[in-house]
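As a plain string of letters, each chain reads:
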Amino acid sequence: ELRDSQDELKKKMLNQCFVCFMDRQDFENPKVKTNFAEHLSKQHNVWHYICFVIQVSLKPKTELTGTEQYVIEELAAARTDWFPALRSVELEDGLEAGAEEEESAERSPSAYALCQHLLRLLAAAPSS
């Protein structure tokens, strides 16, 4: 039983997006300009979401944008409505998504750089 549940979990981790819950097969459509691996690494990179949550959690409340405030409120209420469940820009936009993602990726910092910045903020923050 334990082995079966571990195998099922491993299969799910390899074939389903943790962020939007869409399956690998959804990205096999020829109109979609990206594959499942690119979807996981660019659009729904789990580390980007983790870093975002850390970043908005550390940000002074007076400096939060409307979107960041919304996410903080959702997290405080243990709601995940802000996650794009069963939604993906790549699948919705078809051919246009590939070009938009490349442009967006060029403007946004890498997950590693963002995490490094957050670690420096945490180290500099006064302990309570």
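Participant: Just give me the short version of a nonpolar patch on the surface, but keep the residues and values in it.
Facilitator: A cluster of nonpolar side chains, namely W47, I50, I54 and L58, defines an oily patch on the protein surface of about 360 Å² accessible area. Among the structural elements, I54 can be located in helix α3 (residues 46-58).

Participant: Hey, could you go over the packing of aromatic side chains for me, with residue numbers and the actual values?
Facilitator: Taken as a whole, this structure holds 5 aromatic pairs when the rule is applied. Between Y49 and W82, the aromatic rings sit 6.1 Å apart at their centres with planes inclined by 35°, giving tilted as the arrangement. Here Y49 is found in helix α3, whereas its partner W82 is found in the loop between α4 (66-76) and α5 (89-93), with 33 residues between them in sequence. Across the pair, W82 and Y49 agree in class, each one buried. Among the aromatic residues, those joined into a ring-pair cluster are Y49, F52, W82 and F83.

Participant: Break down the nonpolar core for me, citing the residues and quoting the values.
Facilitator: C17, V19, C20, M22, F27, V32, F36, Y49, V71 and W82 form the largest nonpolar core, which has 10 residues in total. The contacts of F36, once residues within four sequence positions are left out, are L14, N15, Q16, C17, M22, D23, R24 and F27.

Each value, and the rule that gives it
- Residues numbered from 1 in each chain as written.
- Predicted model: local features only at pLDDT ≥ 70, side-chain atom pairs only at ≥ 80, totals over all residues.
- Heavy atoms only, no water.
- Patch = residues over 30% accessible without salt bridge, like charges linked within 9 Å, V, L, I, M, F, W, Y side chains within 5 Å.
- Areas by Shrake-Rupley, 256 points an atom, 1.4 Å probe, with all protein chains shown as cover.
- Salt bridge = Lys/Arg side-chain N within 4 Å of Asp/Glu carboxyl O.
- Helix = DSSP H or I, 4+ residues; strand = E, 2+ residues; numbered from the N terminus.
- Phe/Tyr/Trp six-rings, centres within 6.5 Å; stacked < 30°, edge-to-face > 60°.
- Buried < 20%, exposed > 50% of the residue type's maximum accessible area, 1.4 Å probe, protein only.
- Core = buried A, V, L, I, M, F, W, Y, C linked by side-chain atoms within 4.5 Å.
- Contact = heavy atoms within 4.5 Å.

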